[in-house]
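Next come the chains, spelled out residue by residue.
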Amino acid sequence: IKLVQEKSLFQFDFVWRKGLEQWNRIAEIPDFSHDRIRNLVLAETDKQVVDVFARRKHKRVNYECEVVAHDNKSLWKGKCVELSIGGAGIVFENSLLLPGNKIYLHFLPGSLSTPFNVLSEVVSKKYTKGIRSQGTPVIYGVKFINLHRNDHEQIKAVTDAA
């Protein structure tokens, strides 16, 4: 869990342990499901165990809008599903981006009245269960690298209101 949260091991990495018939993506192992880990955090009172789990730095809210991204070589259309002043969760129908990739994002208007642009870094990649093709939607976590002050204030107002 700590390696996953430290971004040393990703949901798309393959792992094996005694009892598994074959190597599996971490995302396909029930013990690493989002709900299982969330329930562990909520149920755990042992400080040593609680310290294993990373805490989000910024409050995130559900937020939907269309997003266009590029890396100066390729262009992708996607959909924002969550937003914070530090980053966003975006669904792209492209599984070729990897953590560490830098991408330019253009957020079209949603409940924020004005669009905004930001240089971002991919920090996580979450496959949907059973993913087997390049075109299957993938949820990416991105960290904002240079968010304009006005956009920061606009996003903060949305997250504070939630």
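Residues numbered from 1 in each chain as written. Predicted model: local features only at pLDDT ≥ 70, side-chain atom pairs only at ≥ 80, totals over all residues. Heavy atoms only, no water.

Remarks on the packing of aromatic side chains
No. 1: All chains considered together, the criterion is met by four aromatic pairs.
No. 2: Geometrically, the ring pair formed by phenylalanine 107 and phenylalanine 116 is stacked, given 4.4 Å between the ring centres and 5 degrees between the ring planes.
No. 3: Summarising the aromatic geometry, the rings of phenylalanine 116 and phenylalanine 144 are spaced 6.3 Å apart at their centres and angled 85 degrees between planes, so their arrangement reads as edge-to-face. Taken together, the residues phenylalanine 116 in strand E7 (residues 116-127) and phenylalanine 144 in strand E8 (residues 138-144) connect sequence positions 28 residues apart. Take phenylalanine 116 and phenylalanine 144: they sit in the same class, and that class is buried.
No. 4: An aromatic cluster is built from Phe107, Phe116 and Phe144, whose rings are joined through pairwise contacts. (Phe/Tyr/Trp six-rings, centres within 6.5 Å; stacked < 30°, edge-to-face > 60°. Helix = DSSP H or I, 4+ residues; strand = E, 2+ residues; numbered from the N terminus. Buried < 20%, exposed > 50% of the residue type's maximum accessible area, 1.4 Å probe, protein only.)

Brief notes about the pattern of salt bridges
No. 1: Tallied over the full model, the rule gives six salt bridges.
No. 2: With a closest N to O distance of 3.9 Å, lysine 102 and glutamate 121 form a salt bridge. You can see lysine 102 sitting in strand E6 (residues 102-107) and its partner glutamate 121 sitting in strand E7, a full 19 residues away along the chain.
No. 3: In this structure lysine 102 comes out as partly exposed when scored by relative accessible area, which is 45%. (Salt bridge = Lys/Arg side-chain N within 4 Å of Asp/Glu carboxyl O.)

Looking at unusual backbone geometry
No. 1: Even without being glycine, asparagine 72 reaches a positive phi, approximately 70 degrees.
No. 2: Among the secondary structure elements, asparagine 72 is positioned in the loop between strand E3 (61-70) and strand E4 (75-83).

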